[in-house]
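The primary structure of each chain is shown beneath.
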Amino acid sequence: IKKLKDAALLFLSKLLLGAPIVVRFHNDSDGSSGAYCLFKSISGMGIELKSRISWRMHKSVFYSKDDASNDILFTNNFSSITKPLLFIIDFGTAIESNEGISIVKEKLDIIWLDHHPVVEGFEGVSLPNYINPCLFGGDSDYTAGLLACTFSKLYSNIETKEIEGASLIGDYSKFASNYGKELSEILELITSDSKIINSRSITPYDIEGIMSNQSLKAELLGYARHHMSEALDLALNSLKVYKGSNANLYLLDFKNVRSEELRYPLPGRFASKLLTRIEELNSKPCIVVLHFSSFISIRLSKPLEISLLEVVKRAKEAFSNIDSAGGHKNAASIKLKSESSKKEIINFIVSELGFGPSHEA
């Protein structure tokens, strides 16, 4: 709380002094709910800052040197008596962000709210206002959106229960309940494919417009639920199953479920939905390995004591074709440079998870 209070004081000083602010948030329910809560916390303050705040939905989990250059260019369009601010919500802790951090920290102050396990060598942890529950005895179940809501309530009286709930549901936190279910579904849909609402990139203004328009909200919920249900039914009939004594592993080629022309549902998020559906049909813990194009997503049932981050780390060390790998203790993703050795990498992962040809059912 002390770290959050210090960061909140910095944030308020930037608002009151008219500094340009860039808010970058990950394009999922967790990141976008955090940005939405931050937006609501300042929208009622009466501070005319709309042109000075840039809301940027971020499709990567890295903060690259190009991102740093773009943010510096934006803030250079304004003059203020204090340094500009970069506010990051729900990025990863990969060393691929180090170059961007080293460039931008000289020009902008930074507040960074995250909840991913910290990777050795990640320089973000050295920032004065980098705040992550994993550094305070917590874990990834304390989501970035929840953190952003806690941050926002330090200086505003907004009601955040629904937004917190959407964040927790979106990242499959053990603290999730039914609060925020509809908001979470809306955020999953529009951050997957912003063209659904004729937007180039989602901002909190778009989210507020949907949540305040009941007919549009109902239309989008109907669309999301129909397509998700259809995709889950197709997936259940396309699984390759590996049976083990303590768990079962389910392998899915996502091209059998969704064409490349559609954006919703996105494969990584769908892997989590599929795990939930499979768990409802099984008494054993489950593992889902889903692949699509140059991406591989892995999801584990929470009771399983498997170091998933170690598995993807070993895969990255073993194959030069892996561009990046990371995630949480129960959810991880791998991005390949090309699809040339994808089959070998999948076989390696399946083997590392304790399964092989003898387990095929």
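Residues numbered from 1 in each chain as written. Predicted model: local features only at pLDDT ≥ 70, side-chain atom pairs only at ≥ 80, totals over all residues. Heavy atoms only, no water.

Visitor: Explain the overall build of the protein here, please?
Guide: Scanning the protein from N- to C-terminus turns up 12 helices and 11 strands. In summary, the protein has a C-alpha radius of gyration of 21 Å against a globular reference of 21 Å for 361 residues, a match within 12%. Principal-axis analysis of the C-alpha atoms places the extent of the protein at approximately 65 × 45 × 35 Å. Across the 361 residues of the protein, 54% fall into the buried class. Pairs at least 24 residues apart make up 66% of the contacts formed inside the protein by residues separated by at least 6 positions. Carbon and sulfur atoms form 50% of the exposed surface of the protein, whose accessible area is close to 16,300 Å². (Helix = DSSP H or I, 4+ residues; strand = E, 2+ residues; numbered from the N terminus. Rg over C-alpha atoms; globule rule 2.2 N^0.38 Å. Buried < 20%, exposed > 50% of the residue type's maximum accessible area, 1.4 Å probe, protein only. Contact = heavy atoms within 4.5 Å. Areas by Shrake-Rupley, 256 points an atom, 1.4 Å probe, with all protein chains shown as cover.)

Visitor: What's the story with a nonpolar patch on the surface in this structure? I'm lost.
Guide: A surface patch of nonpolar side chains, amounting to about 340 Å² of accessible area, comprises Val-118, Val-125, Leu-135 and Phe-136. Relative to the helices and strands, Leu-135 resides in the loop between strand 5 (130-131) and helix 5 (144-152). (Patch = residues over 30% accessible without salt bridge, like charges linked within 9 Å, V, L, I, M, F, W, Y side chains within 5 Å. Salt bridge = Lys/Arg side-chain N within 4 Å of Asp/Glu carboxyl O.)

Visitor: Teacher, can you tell me more about the environment of Leu-146 here?
Guide: By the secondary structure assignment, Leu-146 is in helix 5. For Leu-146, a relative accessible area of 18% translates into the label buried. Here the alpha-carbon distance between Leu-146 and Leu-236, two residues 90 residues apart in the chain, equals 32 Å. With sequence-adjacent residues up to four places away left out, Leu-146 is seen in contact with Asp-30, Glu-164, Ser-167 and Leu-168.

Visitor: I would appreciate a short explanation of the nonpolar core in the present structure.
Guide: One recurring pattern in soluble globular proteins: nonpolar side chains tend to sit buried together. Judged by nonpolar contacts, the single largest core of 65 residues is most densely connected at Phe-11, Phe-87, Phe-151 and Phe-270. With 7 residues, helix 9 (residues 214-236) is the single largest residue contributor to this core. In this view, Phe-87 contacts Phe-11, Val-22, Val-23, Arg-24, Leu-38, Ile-111, Leu-113 and Phe-151; residues no more than four positions away in its chain are not counted. Counting 25 residues, the second largest nonpolar core, distinct from the first, contains Ile-298, Val-311, Ile-334 and Phe-355. (Core = buried A, V, L, I, M, F, W, Y, C linked by side-chain atoms within 4.5 Å.)

Visitor: Can you help me understand the pairing of strand 10 (residues 322-327) in this one?
Guide: Side-chain direction in a regular strand flips from residue to residue, so the side chains alternate between the two faces of the sheet. With 5 bridges joining them, strand 10 and strand 11 (residues 331-336) adopt antiparallel strand pairing. Following the sheet pairing, Ala-325 is matched in strand 11 by Ile-334. Hairpin remark: strand 10 followed by strand 11, antiparallel, with 3 residues in the connecting loop. (Pairing = 2+ DSSP bridges.)

Visitor: What is the right way to read the sheet that holds strand 7 (residues 248-253) from this model?
Guide: Backbone hydrogen bonds hold the strands of a sheet together, and the pairing may be parallel or antiparallel. With mixed pairing, the 6 strands of this open sheet are ordered in space as 6-7-8-9-11-10. In this open sheet, the two strands that pair with only one neighbour each are strand 6 (240-243) and strand 10. Neighbour-to-neighbour, the strand axes of the sheet open up by a mean angle of 15 degrees, direction not taken into account. Sheet strands in contact with helix 10 (residues 267-280) are strand 7, strand 8 (286-292) and strand 9 (295-300), and its direction is about 150 degrees off that of strand 8. Of the strands in this sheet, strand 6, strand 7, strand 8, strand 9, strand 10 and strand 11 touch helix 12 (residues 342-352), which is tilted by about 15 degrees from strand 9. (Axes fitted to C-alpha atoms, helices over the stretch in contact; angles between N-to-C directions.)

Visitor: What am I meant to see in the sheet that holds strand 2 (residues 53-58) here?
Guide: Strand order in this open sheet of 5 strands is 2-1-3-4-5, and the pairing throughout is parallel. Each edge of the open sheet carries a strand with a single partner, namely strand 2 and strand 5. The sheet contact formed by strand 1 (residues 21-26) and strand 2 spans 6 bridges and is parallel. The residue of strand 2 that forms the bridge with Val-22 is Ser-54.

Visitor: Would you mind showing me how to read helix 1 (residues 2-16) here?
Guide: Note on helix geometry: an α-helix contains 3.6 residues per turn, so any two residues three or four positions apart are oriented the same way. Between its terminal C-alpha atoms helix 1 stretches 21 Å, which fits the 21 Å expected from 15 residues at 1.5 Å a residue. Taken residue by residue, helix 1 has Leu-4, Ala-7, Ala-8, Leu-10, Phe-11, Lys-14 and Leu-15 as its buried positions. Buried residues along helix 1 cover an arc of 160 degrees about the axis, so they all sit on one side. Of the exposed residues in helix 1, those oriented more than 90 degrees away from the buried face are Lys-2, Leu-9 and Leu-16. Gly-18 occupies a position one or two residues after helix 1 and carries a positive phi of about 75 degrees. (Expected span 1.5 Å × (residues − 1). Arc of directions from axis to C-beta.)

Visitor: Sorry, what's going on with the packing of helix 2 (residues 29-43) against helix 6 (residues 161-170) here?
Guide: Helix-helix packing is described using two parameters, namely the angle between the two axes and the distance between the axes. One way to put it is that helix 2 packs onto helix 6 with a least axis distance of 8 Å and a crossing angle of 165 degrees. The orientation of helix 2 with respect to helix 6, classified from their angle, is roughly antiparallel. Read as a crossing pair, helix 2 and helix 6 show a hand that is left-handed. Residue-level contacts link Ser-29, Asp-30, Ser-33, Tyr-36, Cys-37 and Lys-40 of helix 2 to Ile-163, Ala-166, Ser-167 and Gly-170 of helix 6. Residues that form the contact of helix 2 with helix 6 fall into these classes: 4 nonpolar, 4 polar and 2 charged. (Parallel < 35°, antiparallel > 145°, perpendicular 65-115°, else oblique. Left-handed = near helix turned anticlockwise from the far one by under 90°. Nonpolar A, V, L, I, M, F, W, Y, C, P; charged D, E, K, R; others polar.)

Visitor: Could you clarify how one ought to interpret the environment of Ala-247 in this entry?
Guide: Looking at where Ala-247 falls in the secondary structure, it is placed in the loop between strand 6 and strand 7. Given a relative accessible area of 6%, Ala-247 falls into the buried group. Apart from residues no more than four positions distant in its own chain, Ala-247 is found in contact with Lys-284, Pro-285, Leu-304 and Phe-355.

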